[in-house]
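# Descriptive structure summary
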Amino acid sequence: MNLQYVKRFATAAALSLMLVIAGCGGGGQPAGNAANSANAAEKTAGNNEAVNAKQPLRIQTSFYPIYEFTKQVAGDLATVELLVPGGVEPHDWEPSPQDIRKLTESDLLIVNGAGMESWLEQVEASASGGKPEIIETSEGITLMEGGEEEEHGHDEEHAAEEEHADGDEHDADHAADHDADHEAEAGEAAHDSDHDHGHDHGGLDPHVWLSPALAVQEVRNIEAALAKADPENAANYKQNADAYVAQLEQLDQDFANAFANAKRKDFITQHAAFGYLAQEYGLTQVPIAGLSPDQEPSAVQMTEIVKFAKEHQVKTIFFETLVSSKVAETIAREIGAKTAVLNPIEGLTAEDEAAGRDYLSLMRQNLEALKAALNE
């Protein structure tokens, strides 16, 4: 019994030794296995090259509405980042050296343009190797001169007053006062421009995103830029853009319907950000200050605004997020009016972010605020 067990053990050991010797005799690896390993390595290298070739676009965007529009078009096909942090007034922001370095490592920098991003020259001076390519979303949009809409609105108001005056002497005096005020205001504007600390928009109004109709054009410009930079995904970018444009077009229609039969057409706001919106829907923006939200109105401007508000029985003075509401509150107290927010959507506050608000929902808040004020 024990002898038979020993024989079986010896036979098994011999067979195992033969297999080991056979394996070693092949140079440490059988020829077939070596070929398979080489094929696997080649396949892995090819896959890595494919992955590298399909890296998503790296996109930087200047401030919130441009970020939102770009994200809507890009979806998950690109990496989209926002330069101006939430809660920061974009007129006051300047890129840090770290921001400049980040920009030069990106494929695209998407901005509003029209003078909104006063720091673009710094980026252009630092760009190398064609990066980043700068895309201005306001390209192709007919831009308004700064103050053009509200001056036109004042002219219409005074023309209407004169038409119904029947030669009243008070209106003649009012017209004379208005001309004198304009001269004084021009002097103040020149003085303010000398102290504008880099917020000059080059005489153009950049706030095109506040008109839903013009926001559609900005989205289409972004779509075209992404399709050019990443043609393989052009159909996907178009599909995303189409879906978002449909929502913007509905918003545009809702604005048009809301103001078609409004009791009044003029509204007073903290700074001249709503010229395109007013022009699109037949309204008249009467700004307390100019295109920059930090600009303080002169005493002449304050007097003229108070006079206008009293004559037109304005009951709401609009202020905005991200900047002080002190001036709007002062005028409201002077005429016995209330204040309300009309949001230029230049950035999200912490409260906005916590509530999940976005461009569309904030524009609808603006719509409701204007509807209430223009039907008081």
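Figured I'd write up the structure that's included with this text.

Right, let's talk about the overall build of the protein chain for a bit. In terms of regular secondary structure, the protein chain is built from 14 helices and eight strands. The buried share of the protein chain, taken over its 376 residues, is 42%. Long-range contacts, defined here as pairs at least 24 residues apart, represent 68% of the contacts in the protein chain between residues at least 6 apart. If you sum the accessible surface of the protein chain, you get close to 19400 Å²; carbon and sulfur atoms cover 51% of it.

This part is about the sheet that holds strand 1 (residues 57-61). Strand order in the open sheet made by the four strands is 2-1-3-4, with parallel pairing throughout. Of all strands in the sheet, those with a lone pairing partner are strand 2 (78-82) and strand 4 (133-136), marking the two edges. In this sheet, neighbouring strand axes are inclined to one another by 25° on average, regardless of whether the strands run parallel or antiparallel. With four bridges joining them, strand 3 (residues 108-111) and strand 4 adopt parallel strand pairing. Directly across from Leu109, in strand 4, lies its bridge partner Ile134. Contacts between helix 3 (residues 64-74) and the sheet are confined to strand 1, strand 2 and strand 3, with strand 2 contributing the most and set at about 170° to the helix.

A separate point is the pairing of strand 1. Of all five residues in strand 1, four are buried; the element is thus mostly enclosed. Note that strand 1 and strand 2 share five bridges and pair parallel. Of the residues in strand 2, the one forming a bridge with Ile59 is Val80. With helix 3 bridging strand 1 and the parallel strand 2, this β-α-β connection has right-handed handedness. In this structure, strand 1 lies alongside strand 3, joined through three bridges in parallel fashion. The residue bridging Thr61 from the neighbouring strand is Ile110, located in strand 3.

Basis of the calculations
Residues numbered from 1 in each chain as written. Predicted model: local features only at pLDDT ≥ 70, side-chain atom pairs only at ≥ 80, totals over all residues. Heavy atoms only, no water. Helix = DSSP H or I, 4+ residues; strand = E, 2+ residues; numbered from the N terminus. Buried < 20%, exposed > 50% of the residue type's maximum accessible area, 1.4 Å probe, protein only. Contact = heavy atoms within 4.5 Å. Areas by Shrake-Rupley, 256 points an atom, 1.4 Å probe, with all protein chains shown as cover. Pairing = 2+ DSSP bridges. Axes fitted to C-alpha atoms, helices over the stretch in contact; angles between N-to-C directions. Right-handed = clockwise from strand over helix to strand, strands pointing away.

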